[in-house]
Amino acid sequence: RESGVIGELPATQGSRISKGDLIARLDPEGRDIQLISAEAQLKRRRTELEARAELVEKGTLPRLQLEELITAVAEAEADLAGLKAEISRLDVTAPFDGVLDVGNVELGSAVQPGVAVGTLIALDPIVGVGEINEQDLPLIGLGDTASLRLVSGQIVEGTVRYIRREANPATRSYEVEVEVQNSDL
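None of the values given here were measured: they were computed from a predicted structure.

Rules behind the numbers
- Residues numbered from 1 in each chain as written.
- Predicted model: local features only at pLDDT ≥ 70, side-chain atom pairs only at ≥ 80, totals over all residues.
- Heavy atoms only, no water.
- Pairing = 2+ DSSP bridges.
- Helix = DSSP H or I, 4+ residues; strand = E, 2+ residues; numbered from the N terminus.
- Axes fitted to C-alpha atoms, helices over the stretch in contact; angles between N-to-C directions.
- Parallel < 35°, antiparallel > 145°, perpendicular 65-115°, else oblique.
- Left-handed = near helix turned anticlockwise from the far one by under 90°.
- Nonpolar A, V, L, I, M, F, W, Y, C, P; charged D, E, K, R; others polar.
- 1 Å grid on protein atoms, 1.4 Å probe; cavity = no way out; pocket = protein on both sides within 12 Å on 5 of 7 lines; lining within 4 Å.
- Points joined across faces, edges and corners; volume = space filled by probe spheres on them.
- Buried < 20%, exposed > 50% of the residue type's maximum accessible area, 1.4 Å probe, protein only.

J.: Would you take a moment to explain the pairing of strand β3 (residues 22-26) for this structure?
T.: A regular strand places its side chains on the two faces of the sheet in alternate fashion. Where strand β1 (residues 4-8) and β3 come together, two bridges link them in antiparallel fashion. For I6, the partnering residue across the bridge sits in β3 and is L26. Examined bridge by bridge, β3 and strand β4 (residues 91-93) share three bridges and lie antiparallel to one another. If you follow L22 over to β4, its bridge partner there is T93.

Given below as structure tokens:
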């Protein structure tokens, strides 16, 4: 979301990540100092506004000068809000629970907006994809229970979530997706 240099990589390849966890943080590159300056500027403008408001109430200062300072306070507030928003975009957080399968950047790497810093995969649920022949197609439906044999040889139960209605022209079979809950990962 921002360009910059990777300053922190708290998540490591293969680690379990929860939604909202920090995966990477761009170096603030002086933005943190700008934030302190913007906060001080806003505080100074507000103090000036209070002091001038008292003088306007006493009639020793024209109201126009107070209006100019009200505008200056609003500008300082906008500058501070913009800087805070920019700093918040330095954090790359997990959009969902999963495993950081691949880390694409290293500490100190330069990144641009849209560059993937890693690949986060959700392992719950897992989806098995297979094919069913045309003769067996009427025997299954969405929501039916189905068994999957994993690469490990383990057989797990799941639910049919998709049945393709167009046959593979070469095999005359139909693609089927079975969703299996996998809360262990």
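Text resumes after the structure shown.
J.: Could you clarify how one ought to interpret the packing of helix α1 (residues 31-58) against helix α2 (residues 63-88) in this entry?
T.: For any two helices packed against each other, the geometry is given by the interaxial angle and the distance between the axes. One can describe the packing of α1 onto α2 by two numbers: an axis separation of 9 Å at closest approach and a directional angle of 160°. By the angle between their directions, the pair α1 and α2 is classed as roughly antiparallel. In this structure, α1 crosses over α2, and the sense of that crossing is left-handed. Looking at the contact of α1 with α2, its residues break down into 15 nonpolar, three polar and 11 charged.

J.: Please explain the layout of surface pockets as it appears in this structure.
T.: The gaps of empty space that remain are located by a probe, the size of a water molecule, rolled over the atoms. Roughly 170 Å³ of volume is contained in the second largest pocket. Among the elements that take part in the lining of the second largest pocket, strand β8 (residues 126-133) stands out by supplying five residues, more than any other. Of the residues that constitute the lining of the second largest pocket, the class distribution is eight nonpolar, four polar and two charged.

J.: Help me understand unusual backbone geometry in this model?
T.: Excluding glycine, residues mostly carry a negative phi; peptide bonds, for their part, are mostly trans. Cis geometry marks the peptide bond from D124 to P125, where omega comes out at 5°. Its location among the elements puts P125 in the loop between β7 (118-121) and β8. Phi is positive for E29, close to 45°, though the residue is something other than glycine. Note that E29 resides in the loop between β3 and α1. Residue E29 is classed as partly exposed on the basis of its relative accessible area, which comes to 45%. Look at R172: it is not a glycine, yet its phi comes out positive at around 55°. By the secondary structure assignment, R172 is in the loop between β10 (155-163) and β11 (173-180). Given a relative accessible area of 41%, R172 falls into the partly exposed group.

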